[in-house]
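Spelled out from the first residue to the last, the chains are:
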Number of protein chains: 2
Amino acid sequence: MQNAPRKARNSANSTRRKGAAVTIHEVAQRAGVSPMTVSRVVNGNANVRAATRELVMRTVRELNYTPNAAARSLAAASGTRIALIYTNPSSAYLSELLVGALDGASKAATQLVLDTWDHMTRATERAAARKIAQSVAGVILPPPLCESKAVCSELVAAGIPVVAIASGRFQPDISGVRIDDFRAAQEMTEHLISFGHSRIAFIKGHPNQTASALRYEGFQSAMAAAGIPVDPTLVQQGFFTYRSGLEAAEKLLARKKPPTAIFASNDDMAAAAVSVAHRRGMDVPRDISVVGFDDTPIATTVWPELTTIRQPIAAMAASSIDLLLRSIRRRKDGEARVVVDHVVAHVLVKRDSVAAPAPG
Amino acid sequence: MQNAPRKARNSANSTRRKGAAVTIHEVAQRAGVSPMTVSRVVNGNANVRAATRELVMRTVRELNYTPNAAARSLAAASGTRIALIYTNPSSAYLSELLVGALDGASKAATQLVLDTWDHMTRATERAAARKIAQSVAGVILPPPLCESKAVCSELVAAGIPVVAIASGRFQPDISGVRIDDFRAAQEMTEHLISFGHSRIAFIKGHPNQTASALRYEGFQSAMAAAGIPVDPTLVQQGFFTYRSGLEAAEKLLARKKPPTAIFASNDDMAAAAVSVAHRRGMDVPRDISVVGFDDTPIATTVWPELTTIRQPIAAMAASSIDLLLRSIRRRKDGEARVVVDHVVAHVLVKRDSVAAPAPG
DNA sequence: GAGCGTAGTGATAGCGCTATCAAAATTCAA
DNA sequence: TTGAATTTTGATAGCGCTATCACTACGCTC
């Protein structure tokens, strides 16, 4: 008289209480299959006849079914937690990184855990890597952490999937989501050249990050393609910090024949270059053009706003989560580790820091 | 005869598989009570004898038990999701806000959902508020959204708990976590005065944010207390943007007798002031001291690094989550809405942008 | 055509927790 | 001391999902 509770309730009671989502049982019933089959379809498991899969998928769509994250991770006993580890918490694109990762995680019903590794020696990094490998199923590594051999190898050894985000190089043993730094730098250089600049200075990024080298190479390549020789005295070493940009720009602009444009390897250094130019009484972009890279908040904070290369960090973070989840599932199914290199499109954002060089 | 399967496994098998956490059953068994009692204790439910509660809590601590988020939310059928809604995604403290909120959320095993409300009219804001109220159990509102009557009243009407973070004013109908802007501005002003400054300029914040007024009042109060009259021509209106800071500072420094110190209502404007000073050939802090407010990344990006007021945004975000969770639980138990105003300590961070005024 | 493997599917039994209500222990009144 | 009122505790039954294994077809070898 009283029970057969769940199915009865769910199918009969069409007015579900606010927020109560449609369950796998409802989908199963509607499609005329067992919940297990629905589960298999939803999880992309093999061994479901094409016709059945089709039917279930249609039903899922009709009912707008979304698997319940809690139930799923409870049943699967796979606390699919993903760690996002970063250093340098004030890094300008951290917030975008977080937004993207959080978004991807919540869509995929995964818990995202954050970890900050600051001021660590190689040894402590190793230890930390080993520790984190115990408690999560995957790791997202933004730069500069993804450049650390120690961290990467430890993580790889522990067998947990890793995605390096925005790392310049495609690393052999870990997957990555990145833009084409080389091509982007090329485009930016071409952009400058198209305005008529030829005395273009370049401020390099931190030497321990592979993206730095790629950006520089892109610059060189575009200059060469345009038949413009690169004046080595117009190339300064920077370290991605505002401070280092200040020093580099100072040297550049103190010359008796300063460049007509400065291409800084990131926005912080470009902002610093703008500041130095102003200090020397130069107008940007009238007297000198300045461009950056990354499109971090500082690019739109300073005046004039910087022409720069936009990396879609949020989208990259979200897609890292996807990548990771796929690897995790694959790993669980005992399949071999697959390393992918996902290159996403960048955008050259034109703002107000570029103009044609002054005649003469 | 037949069952007791789980208990047997858990107690006998001391080698838990990697990552498998201690369960409520283990705690219960160890403490010699039922799982239900442990659950009650952990959830702060009343109706547990003091002695029992004590015993369970000790056991929990011994075993280092953490409730399984998935199981909990599954069983409680309470998709305790909390929304963090922001506008202006490039706002400098967004990343810290996210870090804090995410941290608090993951500790409390709550899902955090993000939402961006940009370029919205009052009407669309209302609609969005009504919509979000359907899908989450609580909302965190950073400025400037928490100043919107439309949003707040809609949310309050929907009966869902709201916490305003870093809002200057203590609003009558929603809870808040904030610093004492008035007191902080006072302290900063006193700091400047203690260096011997008296011609202190002030750049006000955006007029639609209550924190702006409080900061200005704090400044006035400290000046009055020191017996220094505030020169009204040394007070400029700003809008929290770098650009507005540029204009304000320009006016201030173009005077034939410029101030010896500038107190900007946030870091962006302070950074702009530094830039203007440099442009005019002035050294900071030798020729002019500049201070900001908020301690956002830009404060440590520019050179010299800014003396500013640090708001512990991350901690504030985390504690907002706590507050919210408590409200949600209270609400579920049918208790009356309680509005709290949580004021956290700020810190005056002394860096390199302040010095004694030049003699004469 | 018996024997055996191999998709494809479903029944069953939990994952770790909490809602619910019944049972036990306690308190209090008479 | 007894009975009722109350507090404290426990047993049971799921929350929505998936792991596991059993079972049904169907095709294959010999």
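The text that follows walks through the structure, step by step, so that each part is easy to find. (Residues numbered from 1 in each chain as written. Chains lettered and ligands numbered in written order. Predicted model: local features only at pLDDT ≥ 70, side-chain atom pairs only at ≥ 80, totals over all residues. Heavy atoms only, no water.)

1. Some words on the overall build of chain A
Check the secondary structure of chain A and you find 14 helices and 12 strands. By residue count, 49% of the 360 residues in chain A fall in the buried class. Taking the contacts inside chain A whose residues are at least 6 apart along the sequence as the reference set, 73% of them involve residues at least 24 apart. (Helix = DSSP H or I, 4+ residues; strand = E, 2+ residues; numbered from the N terminus. Buried < 20%, exposed > 50% of the residue type's maximum accessible area, 1.4 Å probe, protein only. Contact = heavy atoms within 4.5 Å.)

2. Some points on the relation of the copies chain A and chain B
The two copies are related by a screw operation: chain A maps onto chain B through 180° of rotation and 0.2 Å of translation along the axis, at an RMSD of 0.4 Å. Each copy turns onto its partner about a two-fold axis. Mapped onto chain B, 100% of the interface residues of chain A are again interface residues, and the two copies thus contact each other with one and the same surface. (Least-squares fit on C-alpha atoms with pLDDT ≥ 70 in both.)

3. Things to note about the pattern of salt bridges
By the definition in use, this model includes 28 salt bridges over all chains. Of the charged contacts, one joins Arg310(B) and Glu96(B) as a salt bridge, the two residues approaching to 2.8 Å between their closest N and O atoms. Of this pair, Arg310(B) sits in strand β10 (residues 308–310) while Glu96(B) sits in helix α6 (residues 94–107), and the two are 214 residues apart along the sequence. Residues Glu247(B) and Arg243(B) are paired through a salt bridge, measuring 3.6 Å at the closest nitrogen-oxygen approach. One end of the pair, Glu247(B), and the other, Arg243(B), are both in helix α11 (residues 242–254), four residues apart, so they sit about a helical turn from each other. Overall, Glu247(B) belongs to the partly exposed group, its relative accessible area being 44%. The exposure class assigned to Arg243(B) is partly exposed, which follows from its relative accessible area of 36%. Here the salt bridges share partners, and the residues they tie into one network are Glu96(A), Asp295(A), Arg310(A) and Arg351(A). (Salt bridge = Lys/Arg side-chain N within 4 Å of Asp/Glu carboxyl O.)

4. Let's talk about the protein's contact with DNA strand C
Near DNA strand C you find 26 residues, and of these Thr37(A), Thr52(A), Ile24(B), Ser39(B) and Tyr65(B) are the closest. Considering the 4 Å shell around the protein, atoms of DNA strand C inside it are sugar or phosphate in 62% of instances. In this structure, Thr37(A) approaches DNA strand C through a side-chain N or O atom, which is 2.6 Å from a phosphate oxygen. One of the backbone nitrogen or oxygen atoms of Ala75(A) is found 3.0 Å away from a base oxygen of DNA strand C. Only α3 (35–42) and α5 (69–75) of chain A together with α1 (5–12), α2 (24–31), α3 (35–42) and α5 (69–76) of chain B provide two or more residues apiece to the surface near DNA strand C. Examining the composition of the surface near DNA strand C, we find that four residues originate from one element, α5(B), more than from any other. Residue composition of the surface near DNA strand C, grouped by class: 12 nonpolar, nine polar and five charged. (Near = heavy atom within 4 Å. Polar contact = N/O pair within 3.5 Å; in protein donor to acceptor, adjacent residues only side chain to side chain. Nonpolar A, V, L, I, M, F, W, Y, C, P; charged D, E, K, R; others polar.)

5. Concerning helix α10 (residues 210–225) of chain B
Residues and elements named next belong to chain B. For α10, which comprises 16 residues, the first-to-last C-alpha distance of 23 Å matches the rise-based estimate of 22 Å (1.5 Å per residue) to within 8%. Buried residues of α10: Ala 211, Ser 212, Arg 215, Tyr 216, Gly 218, Phe 219, Ala 222 and Met 223, and no others. Within α10, the buried residues cover an arc of 155° as seen down the axis, which keeps them to one side. Looking at α10, the residues exposed on the side facing more than 90 degrees away from the buried face are Ala 224 and Ala 225. Looking at the buried residues of α10, the elements they touch are α9 (181–194), β6 (200–204), β7 (235–237) and β8 (261–264). Looking one or two residues beyond α10, the residue adopting positive phi is Gly 227, at roughly 75°. (Expected span 1.5 Å × (residues − 1). Arc of directions from axis to C-beta.)

6. Some words on the packing of aromatic side chains
Enumeration according to the criterion identifies 10 aromatic pairs over all chains in this entry. Between Phe202(B) and Phe263(B), the ring centres sit 5.1 Å apart and the planes meet at 75°, which makes this aromatic pair edge-to-face. Separated by 61 residues along the polypeptide, Phe202(B) in strand β6 and Phe263(B) in strand β8 bring together distant segments of the chain. Given a relative accessible area of 0%, Phe202(B) falls into the buried group. By relative accessible area, which is 0% here, Phe263(B) ends up buried. Chaining the aromatic ring pairs together yields one cluster made of Phe202(A), Tyr216(A), Phe219(A) and Phe263(A). In this structure, Arg243(A) is placed above the aromatic ring of Trp303(B), and the distance from its NZ or CZ to the ring centre is 3.8 Å. It is Lys204(B) that lies over the ring of Tyr216(B); its NZ or CZ is 4.7 Å from the centre. (Phe/Tyr/Trp six-rings, centres within 6.5 Å; stacked < 30°, edge-to-face > 60°. Lys NZ or Arg CZ within 6 Å of the ring centre and 35° of its normal.)

7. Things to note about the interface of chain A and chain B
Contacts between chain A and chain B engage 34 residues on the former and 35 residues on the latter. At the boundary of chain A with chain B, total buried surface from both sides reaches about 3,000 Å², with 66% on carbon and sulfur atoms. Of all residues in chain A, Leu102(A), Thr301(A) and Trp303(A) bury the most surface against chain B, accounting for 17% of the area lost on that side. On inspection of chain A and its partner chain B, the count reaches zero salt bridges. Where chain A meets chain B, there are two residue pairs in polar contact (both at pLDDT 80 or more). Of all the secondary structure elements, the ones that give two or more residues to the side of chain A that touches chain B are α5, α6 (94–107), β2 (111–116), α7 (122–135), α11 (242–254), α12 (267–279) and α13 (297–301) of chain A. (Buried area = accessible area lost by both parts, 1.4 Å probe.)

8. Here's the deal with the sheet that holds strand β7 (residues 235–237) of chain A
Residues and elements named next belong to chain A. Pairing in this open sheet of four strands is parallel, and the strands run β7-β6-β8-β9 from one edge to the other. Edge strands, defined here as strands with exactly one partner in the open sheet, are β7 and β9 (289–291). When strand polarity is set aside, the average angle formed by the axes of neighbouring strands in this sheet is 15°. For strand β8 (residues 261–264) and β9, the ladder comprises three bridges, and the chain directions are parallel. In the strand pairing of β9, Phe 263 is matched with Val 291. Contacting β6 (200–204), β8 and β9, helix α9 (residues 181–194) runs over the sheet at an angle of about 170° to β8. Sheet contacts for α12: β6, β8 and β9; angle to β9, the most-contacted strand, approximately 160°. (Pairing = 2+ DSSP bridges. Axes fitted to C-alpha atoms, helices over the stretch in contact; angles between N-to-C directions.)

9. A word on the sheet that holds β7(B)
Residues and elements named next belong to chain B. The strand order across the open sheet formed by four strands is β7-β6-β8-β9, and the pairing between neighbours is parallel. Both edges of this open sheet fall to β7 and β9 (289–291), since each of them pairs with a single strand only. Put simply, the sheet's adjacent strands are angled 15° from each other on average, direction ignored. Relative to β7, β6 runs parallel, the two sharing three bridges. Across the sheet, residue Phe 202 finds its bridge partner in β7, namely Val 235. The sheet contacts of α9 involve β6, β8 and β9, and relative to β8 the element is tilted by about 170°. Across the sheet, α10 is in contact with β6, β7 and β8; its angle to β6 comes to roughly 165°.

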